[in-house]
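Reading the structure
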Amino acid sequence: MGGTESSESGVSAESAVASQENSAIAKLRDTAEVLEKREEHLSRKVQHEIKLARELNAAGKQREALVCMKRKKMLDKQIEQLTSQRLNLDTQRIALENMNITKETMEAQKAAAVAMKKVTNQMGGVDGVDATLDQVEEQMQEAEEINQAMSREVGGAVEDDDDLLQQLAVLEAETNANNAKAINASAKTEQAVFPSVPEVALPSVPQASRITSEEQRELEALERSMTMS
């Protein structure tokens, strides 16, 4: 009960501190914004005094123009003071924000250190890790020995390598013989089959081309005799 109450009080105290820090940062930011707005207002008044001083000086009213310049000088001084104050507020705000970030970083590192310590204790530290690795190596060696024992051939003598080589040679000779028979049979089949020649009727010789040269001479002589008669 006492440990629980102390832990709860510690958490509430941390929450109160964090709330106070955030409130301070917000207050600094708000105040800096107010000062900035005040500076902008005074800057507008300075521009107004400058404009009025120019107009009065142009109108020959130098005394009134000098009064405007004096008011401008006082306004400039106020602006300078406000700028310094706002700069101080910004500096404090940035420093406080950096401190918050540093605190968050430290808390994260503390939590990580506690977690790492817990995990290390669960593993038994360096000695525990070494012992575990030794056990792993021992089990791996034992598994390798078991695999070698299980792969050992049992149940009779193994045939001699020379006999196995002789059997392989016989199988190779049978394969070559079968391949040679297949090649010879294919060659004979190709020689026995010839392409068929299509039957095409030859063109007949015209009757006129069968007349011999002798008959041609007789016909010419007959034509000449008919012409003379």
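Our structure is the block above this text.
Position numbers for residues count from 1 along each chain, tracking the sequence in the order it is written. Residues qualify for local features only when their pLDDT is at least 70, as the model is predicted, and side-chain atom pairs are given and counted only at 80 or more; totals for whole chains, interfaces and linings, by contrast, use all residues. To obtain the side-chain values, all non-hydrogen atoms of the structure were included, while hydrogens and water were left out.

This next bit is on the side chain of Glu-21. Numbering goes from the N terminus for both helices and strands, where a helix is a DSSP run of H or I of at least four residues and a strand is a run of E of at least two. Structurally, Glu-21 can be placed in helix H1 (residues 2–58). Relative accessibility decides the category of a residue: with a 1.4 Å probe and only protein chains considered, values under 20% of the type maximum give buried, values over 50% give exposed, and everything between is partly exposed. Of the residues examined, Glu-21 reaches a relative accessible area of 19% and is grouped as buried. Separated by 3.0 Å, the side chains of Glu-21 and Lys-103 make a polar contact. Every residue pair with non-hydrogen atoms within 4.5 Å of one another is taken to be in contact. Filtering out sequence-adjacent residues up to four positions away, Glu-21 remains in contact with Leu-96, Asn-100 and Lys-103. Within 3.5 Å is the distance limit for a polar contact, defined as a pair of N or O atoms, with the added protein rule that one can donate a hydrogen and the other accept it, and that residues adjacent in sequence qualify only through two side-chain atoms.

In this analysis, a patch consists of residues with relative accessible area above 30% that form no salt bridge, clustered at 9 Å for like charges and at 5 Å for the nonpolar side chains Val, Leu, Ile, Met, Phe, Trp and Tyr. Areas reported as accessible are Shrake-Rupley estimates using a 1.4 Å probe. Residue values count occlusion only from the protein chains shown. Whenever Lys or Arg places a side-chain nitrogen within 4 Å of a carboxyl oxygen from Asp or Glu, that contact is recorded as a salt bridge. A contiguous nonpolar surface patch, about 330 Å² in accessible area, is contributed by Val-119, Met-123, Val-129 and Leu-133. When residues of the nonpolar patch are traced back to their parent elements, those giving at least two are helix H2 (62–123) and helix H3 (125–150). Summarising the element assignment, Val-129 is placed in helix H3.

All right, on to a negative patch on the surface then. Positive residues here are Lys and Arg, negative ones are Asp and Glu, while His and the chain termini are left out of the count. A charge is said to be at NZ when it belongs to Lys, at CZ for Arg, at CG for Asp and at CD for Glu. Taken together, the side chains of Asp-127, Asp-130, Asp-134, Glu-137, Glu-138, Glu-142, Glu-144 and Glu-145 present a region of like negative charge at the surface. Residue placement: Glu-145 occurs in helix H3. Here Glu-145 falls in the exposed class, since its relative accessible area comes to 54%.

The tally for this structure, following the rule as stated, stands at seven salt bridges. Between Glu-21 and Lys-103 there is a salt bridge; the shortest N-O distance is 3.0 Å. Of the two residues, Glu-21 is situated in helix H1 and Lys-103 in helix H2; the sequence distance between them amounts to 82 residues. Residue classification places Lys-103 among the partly exposed residues on the basis of a relative accessible area of 27%. Residue Arg-93 is joined to Asp-90 by a salt bridge in which the shortest nitrogen-to-oxygen separation is 3.7 Å. Of this pair, Arg-93 and Asp-90 both sit in helix H2, separated by three residues, roughly a single helical turn. Accessibility assignment for this pair places Arg-93 and Asp-90 in one class, buried.

Geometric values such as these leave the question of function open.
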